[in-house]
Amino acid sequence: MNAIEITGLCKRFTGKRMTKVDALKGLDLTIEAGEVFGFLGPNGAGKSTTIKLVMGLLRPTSGTAQIMGMDAGQAESRRHVGYLPENPAFYDYLSAEEYIVFVGSQFKMEKSLLAQRSEEVLQRLDLWEARKRPMRGYSKGMVQRVGLAQALVHDPEVYILDEPMSGLDPIGRALVKDIILDLKKRGKCVFFSTHITDDVEKVCDRVGVINKGELLVVDRVENILQRGVEGYTVLVINPDKTKEEQFVKKTDLQEFIQQSVMNQQSIEKIEPRRKDMEAFFLEIVAQQ
Ligand SMILES: Nc1ncnc2c1ncn2[C@@H]1O[C@H](COP(=O)(O)OP(=O)(O)OP(=O)(O)O)[C@@H](O)[C@H]1O
Ligand SMILES: [Mg+2]
């Protein structure tokens, strides 16, 4: 069974004076169990709209979304999902610990398991020291980490995270990447949105690029990086043992190697030189 299945999903918002915005235009996307998928797109691309539709928080204009074979918004599907909304906001008179326990109790977790899990997630997200303070005194990054903690507490199979690294400092971002990689190791499915390419390059199996409500590309990260290969940096050892580094175009590599052999040079290292994910992303979005 697929973790997330989206078919022909469309969302048209009707604003004041009947202005219409097609935020999502027929999205088809399947995310397998155990997969980490990065949903990459610039501001206003339709990422949060998609996520809200999948969570059943918005009604689609047309199309369907399912989580673990259940329709979006079906109460039973919630058990299987950890959801981090965009800009999470909580009852700020509660402490992080009270809030996490409250969320866990909504999933009818057994009391001792809930106590254990809430300690684990608060520790993991570096909130343990602050756990008894009301959240109104938390910094933006701390609130974001509470958002992640509440998505993790019931140990679901699928994680839908709307910009999980947003508002975090480099240490916080690294922590979230680590958490996503841990989830992956444990066979969980993570679907997260971001507009930062570095976030997807490090942790995702596949990436989808969305812009203006349309999915432009879906591919495995290594394929995307491979597509961006422009050439190779080759370290050559000359017959007199001196070393030389040369740039060789993608199409010229075979010929270069043959020529080197004829010149009695040996090759110590060949490294691809490629456009990074950022360049790929900008190019794709600019082409639309
Ligand atoms: N409730 C709404 N009413 C009208 N238009 C909306 C509504 N919500 C979103 N939109 C529009 O839909 C489009 C997609 O918005 P969405 O929030 O999904 O983008 P996003 O990719 O999450 O962007 P960001 O990176 O800024 O969070 C935008 O043009 C936005 O203005
Ligand atoms: Mg958004």
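Residues numbered from 1 in each chain as written. Chains lettered and ligands numbered in written order. Predicted model: local features only at pLDDT ≥ 70, side-chain atom pairs only at ≥ 80, totals over all residues.

What follows is about the site of ligand 1. Taken together, 14 residues sit near ligand 1, with Phe13, Ala23, Lys47, Ser48 and Thr49 positioned nearest. Sorting the residues of the shell around ligand 1 by element identifies strand 2 (20–31) and helix 1 (47–54) as the ones contributing at least two each. Looking at which element gives the most residues to the shell around ligand 1, the answer is helix 1, with three residues. Tallied by class, residues from the shell around ligand 1 come to four nonpolar, eight polar and two charged. (Near = placed C-beta within 6 Å. Helix = DSSP H or I, 4+ residues; strand = E, 2+ residues; numbered from the N terminus. Nonpolar A, V, L, I, M, F, W, Y, C, P; charged D, E, K, R; others polar.)

One open sheet accounts for six strands, arranged 6-7-8-3-9-10; its pairing is mixed. Each edge of the open sheet carries a strand with a single partner, namely strand 6 (81–84) and strand 10 (214–220). Ignoring which end each strand starts from, the neighbouring axes of this sheet average 15° apart. Of the strand pairs in this sheet, strand 3 (residues 36–40) and strand 8 (residues 189–194) are connected by five bridges, and their pairing is parallel. Considered in strand 8, the bridge of Phe39 is made with Ser193. The strands touched by helix 6 (residues 170–185) within the sheet are strand 3, strand 7 (158–162) and strand 8, with strand 8 carrying the most contacts at an inclination of about 155°. Strand contacts of helix 10 (residues 277–287): strand 3, strand 9 (206–211) and strand 10, with the helix running at about 35° to strand 9, the strand carrying the most contacts. (Pairing = 2+ DSSP bridges. Axes fitted to C-alpha atoms, helices over the stretch in contact; angles between N-to-C directions. Contact = placed C-beta atoms within 7 Å.)

Turning our attention to helix 1. Of all eight residues that make up helix 1, eight are buried, and the element is covered over most of its length. Those residues of helix 1 that sit buried are Lys47, Ser48, Thr49, Thr50, Ile51, Lys52, Leu53 and Val54. In the stretch just after helix 1, Gly56 is the one whose phi turns positive, near 75°. (Buried ≥ 20, exposed ≤ 12 C-beta atoms within 10 Å, placed from the backbone.)

As a further point, take the sheet that holds strand 12 (residues 243–249). Pairing is antiparallel in the open sheet, where three strands are placed in the order 12-11-13. The open sheet is flanked by strand 12 and strand 13 (266–274), the only strands paired with a single partner. The average undirected angle you get between the axes of adjacent strands in this sheet is 20°. Where strand 11 (residues 229–237) and strand 13 come together, eight bridges link them in antiparallel fashion. Residue pairing for strand 13: Gly231 is matched across the bridge by Arg273. Its contacts with the sheet place helix 9 (residues 253–262) against strand 11, strand 12 and strand 13, and it is angled at close to 10° to strand 11.

Before going further, it helps to spend a moment on helix 4 (residues 111–124). Here helix 4 is 14 residues long and its end C-alpha atoms lie 20 Å apart, about the 20 Å a rise of 1.5 Å per residue gives. Listing the buried residues of helix 4 in full gives Arg117, Ser118, Val121 and Leu122. Projected down its long axis, helix 4 shows its buried positions confined to an angular sector of 130°, all on one face. Helix 4 presents Ser112 and Gln116 as exposed residues on the side facing more than 90 degrees away from its buried surface. On the buried face of helix 4, the contacting elements are helix 3 (96–106) and helix 5 (140–152). Phi turns positive one or two residues past the end of helix 4, at Asp126, with a value near 60°. (Expected span 1.5 Å × (residues − 1). Arc of directions from axis to C-beta.)

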